[in-house]
Amino acid sequence: MEIVVSSSFEPLLWDESPVLVMCGGRGSGKSEFAGRKLFVRGEKEAGHRFLVVRKIRRTCSDSVVFLIKRILDENGVSYDYNKTDHTIVAHGPAGPYEFVFVGLDDPEKIKSFTGMTSAWIEEATELTRDDFLKLDLCLREPGPSYRQIMLTFNPQEVEARWLKDAFFGAAPYPGARVHNSTIDDNPLKRLDPKTWAAYAGKLDALRDQDEALWKISRLGLWAARSGQIFSWDVADLPKDAKFDDVFLGGDFGYSVDPSGLVRIHRKADEFWLEELLYAKNLTNQDLSREMELLGVQRREPSYWDSAEPKSIEELRRLGWNAAPAQKGQDSVRAGIDFIKSKKVHIVTGSHNLKKEHDSYCWRKDRGGQPMSEPVAFDDHLMSAVRYGIFTRCARPQSKIWTMRAGV
Ligand SMILES: Nc1ncnc2c1ncn2[C@@H]1O[C@H](COP(=O)(O)OP(=O)(O)O)[C@@H](O)[C@H]1O
Ligand SMILES: [Mg+2]
């Protein structure tokens, strides 16, 4: 077994504290380390039943399940993945060990926790203090080795004040060890400097846009963000509703940024936003295939970032009814103002959209005053929504073009 971890995280590999708190900036390698530590323990200690928890079960499959499967694949370990039960049984040299993936939105599952030997809570800021205490109580049975709950999260003060109080205050939680990290601790800095630099550059750029977000994401320090732009509710898509219009908004991404696609349903001045896709590493061909799998019709109008005419043309050549979003001077602000004048709902289950919505804030100037543009970070689905609604629904200003001929 050969496993890469950075020198900053390495001591944690052998740490047996009952609670291991990994707080840090974006891309510091927290999630990757937590997955690798469970793998190392499973291989060495065997007989484990690891609980891997997120607030919402649906978000497990494209994050923690994907990560654990990748680590097992990379190490040539055979395993059985049960998609219905959300479990993976790995066959290690010392015997089998299991990962059980759970969302706290699945109360039946939580009731049936038995024999869990250690746990990892991913994106712990999504949980409440009560959620954590309940989990802590569940993990009381003796296992093959020490019992540990690992928590991984970014220090977002507004979302998770309880984490700051519990682990960073004057009376820290008994048995907790706290580790802080930033992207400088990510082994990619040496293994893949180009990807690392692209990532770090995006984080550095936040300094001039939103100091609190820069502190949280780049420096891994507790800070409170402010200036949220929208406050939409979450609602089911009305059944049997006759919508006046249905169309799509899309944003292209690749390695550092994800591609995003949202279906927008309009009835009069009311909109329902349904997240269809949020994924990295998709070429335009892959994107087209994903859209087919999602059941998107080729004739459905879709509006995309006009800064990518080549990608839009590629989608058109693949038969999609894709068009560039309206762009122009101040179109971002105008788009936001337009959407603010409407009633908007996020369709239930659109987790990434909800997350981006919650963190979509006005950019701040040097004095901390809000400016009239959003912070350009975690804004892929939000941009997609704007491309769609503003281009499709905002009445274009009538313009009279005059040409002076022959001068
Ligand atoms: N030990 C490692 N070996 C190889 N790649 C890593 C390692 N740690 C992190 N990475 C890569 O760096 C990126 C960010 O890591 P991640 O664990 O997702 O960060 P965080 O959870 O702190 O935001 C991921 O693409 C991940 O694959
Ligand atoms: Mg992470």
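Predicted, not measured: the structure shown is a model, and the values here were computed from it.

Caption draft 1: Structural context of the overall build of the protein chain. Regarding its fold elements, the protein chain presents 14 helices and 17 strands. In summary, the protein chain has a C-alpha radius of gyration of 23 Å against a globular reference of 22 Å for 407 residues, a match within 12%. Taken along its principal axes, the extent of the C-alpha atoms in the protein chain is 85 × 50 × 40 Å. Going through the 407 residues of the protein chain one by one, you find that 38% of them count as buried. A separation of at least 24 residues holds for 68% of the contacts in the protein chain among residues at least 6 apart in sequence.

Caption draft 2: Representation of the sheet that holds strand E11 (residues 259–267) in the model. Spatially, the seven strands line up as an open sheet ordered E9-E15-E12-E11-E10-E13-E14, and their pairing is mixed. Of all strands in the sheet, those with a lone pairing partner are strand E9 (233–235) and strand E14 (322–324), marking the two edges. Adjacent strand axes in the sheet meet at a mean angle of 35° when their direction is disregarded. With three bridges connecting them, E9 and strand E15 (residues 343–347) associate as parallel partners. Directly across from Val-234, in E15, lies its bridge partner Ile-346. Across the sheet, helix H13 (residues 351–359) touches E9, E11, strand E12 (270–279) and E15, and the angle it forms with E12 is around 110°.

Caption draft 3: Expanded view of the nonpolar core. Within the largest apolar cluster, 46 residues are counted, with the highest numbers of intra-cluster contacts made by Val-262, Ile-264, Leu-273 and Val-385. The biggest single contributor to this core is helix H14 (residues 380–393), with seven residues. A domain-level breakdown of this core finds at least three residues from each of domain 1 (10–208) and domain 2 (233–393). With sequence-adjacent residues up to four places away left out, Ile-264 is seen in contact with Phe-247, Leu-248, Gly-249, Phe-271, Leu-273, Val-385, Gly-388 and Ile-389. Cys-23, Cys-60, Ile-88 and Phe-132 belong to the second largest nonpolar core, which has 41 residues in total.

What counts, and where the lines are drawn
- Residues numbered from 1 in each chain as written.
- Chains lettered and ligands numbered in written order.
- Predicted model: local features only at pLDDT ≥ 70, side-chain atom pairs only at ≥ 80, totals over all residues.
- Helix = DSSP H or I, 4+ residues; strand = E, 2+ residues; numbered from the N terminus.
- Rg over C-alpha atoms; globule rule 2.2 N^0.38 Å.
- Buried ≥ 20, exposed ≤ 12 C-beta atoms within 10 Å, placed from the backbone.
- Contact = placed C-beta atoms within 7 Å.
- Pairing = 2+ DSSP bridges.
- Axes fitted to C-alpha atoms, helices over the stretch in contact; angles between N-to-C directions.
- Core = buried A, V, L, I, M, F, W, Y, C linked by C-beta atoms within 7 Å.
- Domains from an automatic or database assignment.

In short, shape yes, function no, at least from these values alone.
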